[in-house]
Amino acid sequence: MNILDQPAAPEQAVRERVKASHTLDGDAARLTHLYRGWASTFDLDQARVGYCGPMIVAELAGAVQTAYLAGQRNAIAILDAGCGTGLVGVQLERLGFRLIDGFDLSKEMADKARQTGAYRHARGDVDLNGRLSDYSSESYDLTVCSGVFTLGHVRPDGLRELARVTRPNGFVIASTRKSYAETTFFEGEVRRLQDDGVLILAQCLRNGRYVAEEDGHYWVFQVPKKAPGPTEERPS
Ligand SMILES: C[S@@+](CC[C@H](N)C(=O)[O-])C[C@H]1O[C@@H](n2cnc3c(N)ncnc32)[C@H](O)[C@@H]1O
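Below is a summary of the structure that appears in this document.

## A few points about the sheet that holds strand β6 (residues 200–211)
Line of reasoning, step 1. Within the open sheet, the 7 strands sit side by side as β3-β2-β1-β4-β5-β7-β6. Their pairing is mixed. Unpaired on one side and paired on the other, β3 (121–123) and β6 mark the two borders of the sheet. Across the sheet, the mean angle separating the axes of adjacent strands is 15 degrees when strand polarity is ignored.
Line of reasoning, step 2. Here strand β1 (residues 77–81) pairs with strand β4 (residues 140–149) via 3 bridges, running parallel. In the sheet register, Asp 80 faces β4, and the bridge partner there is Val 144.

Written out as structure tokens, the structure is:
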């Protein structure tokens, strides 16, 4: 048999699928369709391509909690945005977090996340390219997001919604694929959100491991305490 006739190695097939997902332009219908068909093999496929975003994001959440957030880890409320099959939630649970909510555009991916048992709630049909209308402002101590600010998925302005649902002095932790950060206005959006007083960049781990074929950046933002309004400032 000619080598070209041989079936592609499993890793290569996964890489092709990932590449296809990067061409979807944030189109909710096409992303939903793609992930509906991927939910059952997603975890195995990600292991094949060395995806380590969930572990790094969860470990950053653990470090941030220990360094900055008062209270027991099991009482820290976390939102996992674009939770997929729950790879991040499983890591967070391993680290002692217990109040973990997740949402995803894909119902089938969120169903898998729920089946891990790591989440209080895992909800499908929630689109981070729009307003998270079912989520109140300032609800979470930590908001985490792995593998979602990636090509063809969620636009950089999704960060603003993640900041909105996170309480003042809480943190947003997100990964970006390196090529996503280079080819979208993500860094410009970070500057804009800082200028608007929505987020403060606390740390960025650049060029960390992400998948075998490409590095990623890991961003840690703090949501600033709101400046007191003019009437609140006045001493009584
Ligand atoms: C590469 S997977 C990452 C899943 C999970 N966070 C992880 O690290 O394993 C990307 C996920 O983002 C979800 N997604 C894509 N676009 C989205 C959107 N606009 N709003 C919410 N989730 C979205 C997909 O359904 C998919 O589950």
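Back to the text.
## Remarks on the site of the ligand
Line of reasoning, step 1. As a matter of local geometry, the ligand sits amid 23 residues, with Tyr 51, Gly 82, Asp 104, Asp 127 and Ser 146 nearest to it.
Line of reasoning, step 2. About the coverage of the ligand: the protein hides 97% of its 600 Å² of free accessible area.
Line of reasoning, step 3. Elements supplying a minimum of two residues to the shell around the ligand: α2 (28–38), α5 (87–94) and β4.
Line of reasoning, step 4. In terms of residues, the shell around the ligand owes the most to one element, β4, which gives 3 residues.
Line of reasoning, step 5. Broken down by class, the residue content of the shell around the ligand amounts to 14 nonpolar, 7 polar and 2 charged.

## A short note on the packing of helix α1 (residues 10–21) against α2
Line of reasoning, step 1. Between α1 and α2, whose axes approach to 11 Å, the crossing angle comes to 160 degrees. One finds that α1 runs roughly antiparallel with respect to α2. The hand of the α1/α2 crossing is left-handed. Residue-level contacts link Val 14, Arg 17, Val 18 and Ser 21 of α1 to Leu 31, Leu 34, Tyr 35, Gly 37 and Trp 38 of α2.
Line of reasoning, step 2. The residue inventory of the contact of α1 with α2, partitioned by class, reads 6 nonpolar, 2 polar and 1 charged.

## Quick notes on helix α6 (residues 107–115)
Line of reasoning, step 1. What α6 keeps buried is the set Met 109, Ala 110 and Ala 113. Buried residues of α6, seen end-on, are gathered within an arc of 95 degrees and therefore sit on one face of the element.
Line of reasoning, step 2. If you follow the buried residues of α6, they end up packed against α2, α3 (42–48) and β3.
Line of reasoning, step 3. The opening residue of α6 is Ser 106, an N-cap whose side-chain oxygen sits 3.3 Å from the backbone nitrogen of Glu 108.
Line of reasoning, step 4. One or two residues past the end of α6 sits Gly 117, with phi positive at roughly 80 degrees.

Criteria and thresholds
- Residues numbered from 1 in each chain as written.
- Predicted model: local features only at pLDDT ≥ 70, side-chain atom pairs only at ≥ 80, totals over all residues.
- Heavy atoms only, no water.
- Pairing = 2+ DSSP bridges.
- Helix = DSSP H or I, 4+ residues; strand = E, 2+ residues; numbered from the N terminus.
- Axes fitted to C-alpha atoms, helices over the stretch in contact; angles between N-to-C directions.
- Near = heavy atom within 4 Å.
- Areas by Shrake-Rupley, 256 points an atom, 1.4 Å probe, with all protein chains shown as cover.
- Nonpolar A, V, L, I, M, F, W, Y, C, P; charged D, E, K, R; others polar.
- Parallel < 35°, antiparallel > 145°, perpendicular 65-115°, else oblique.
- Left-handed = near helix turned anticlockwise from the far one by under 90°.
- Contact = heavy atoms within 4.5 Å.
- Buried < 20%, exposed > 50% of the residue type's maximum accessible area, 1.4 Å probe, protein only.
- Arc of directions from axis to C-beta.
- Polar contact = N/O pair within 3.5 Å; in protein donor to acceptor, adjacent residues only side chain to side chain.

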